[in-house]
Amino acid sequence: QVQLVESGGGLVQAGGSLRLSCAASGRTFSSYVMGWFRQAPGKEREFVAGLSRSGLTTNYRDSVKGRFTISRDNAKNTVYLQMNSLKPEDTAVYYCAADAAPLRIAVTGDAYDYWGQGTQVTVSS
């Protein structure tokens, strides 16, 4: 029903910036809570950021607060993750996800119905 495609990953030096994009198919994008998750090698998937259907409410894990910004453009069916002041510990595959029946901005992956293929972010020291 819904396809998500991430882009914008790459290799950057510590202190640098990247902006990830996630383009969604379908006509009901504005009804979804959207989130970003990440997974490093040998680690469990973890919540990074999420935002409400309107884009007016956001939630971030503590380690990225003040550095990352999640936003959405419902007219373009796209969600973004602006990442500044990147650290080596941010290195991971980043996934976007959509919750089609949201009760809140969930922080666990099992709440989300659709997932992208992931994009690699590597931060060198």
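Structure's up top.
An account of the accompanying structure is given in this report. What you see is a predicted model; the values in this text were computed from it and never measured.

1. With respect to the environment of Asn74
For Asn74, the location among the structural elements is in the loop between β7 (68–73) and β8 (78–83). In this structure, the C-alpha to C-alpha distance between Asn74 and Trp115, residues 41 residues apart in sequence, is 18 Å. Side-chain polar atoms of Asn74 contact the backbone oxygen of Arg53, separated by 3.2 Å. Within the local environment of Asn74, its side chain forms a polar contact with the side chain of Arg72, the two groups lying 2.8 Å apart.

2. Let's talk about the pattern of salt bridges
Under the definition given, this model contains five salt bridges. Ionic pairing is found between Arg38 and Glu46, a salt bridge with its closest N-O pair at 2.7 Å. Using a relative accessible area of 26% as the deciding quantity, one classes Glu46 as partly exposed. Linked by salt bridges that have partners in common, Arg38, Glu46, Arg61, Arg67 and Asp90 make up one network.

3. A look at the packing of aromatic side chains
According to the stated counting rule, one finds five aromatic pairs in the structure shown. Ring centres of Phe37 and Tyr112 lie 5.3 Å apart, and the angle between their planes is 80 degrees; on these two criteria the pair is classed as edge-to-face. Residue Phe37 is found in strand β4 (residues 33–39), and its partner Tyr112 is found in the loop between β9 (92–99) and β10 (114–115); the two are separated by 75 residues along the sequence. Here the two residues Phe37 and Tyr112 agree in accessibility, since each one is buried. Ring plane angle 55 degrees and centroid distance 5.1 Å describe the contact between Phe37 and Trp115, whose orientation is recorded as tilted. You can see Phe37 sitting in strand β4 and its partner Trp115 sitting in strand β10, a full 78 residues away along the chain. For Phe37, a relative accessible area of 1% puts it in the buried group.

The rules behind the values
Residues numbered from 1 in each chain as written. Predicted model: local features only at pLDDT ≥ 70, side-chain atom pairs only at ≥ 80, totals over all residues. Heavy atoms only, no water. Helix = DSSP H or I, 4+ residues; strand = E, 2+ residues; numbered from the N terminus. Polar contact = N/O pair within 3.5 Å; in protein donor to acceptor, adjacent residues only side chain to side chain. Salt bridge = Lys/Arg side-chain N within 4 Å of Asp/Glu carboxyl O. Buried < 20%, exposed > 50% of the residue type's maximum accessible area, 1.4 Å probe, protein only. Phe/Tyr/Trp six-rings, centres within 6.5 Å; stacked < 30°, edge-to-face > 60°.

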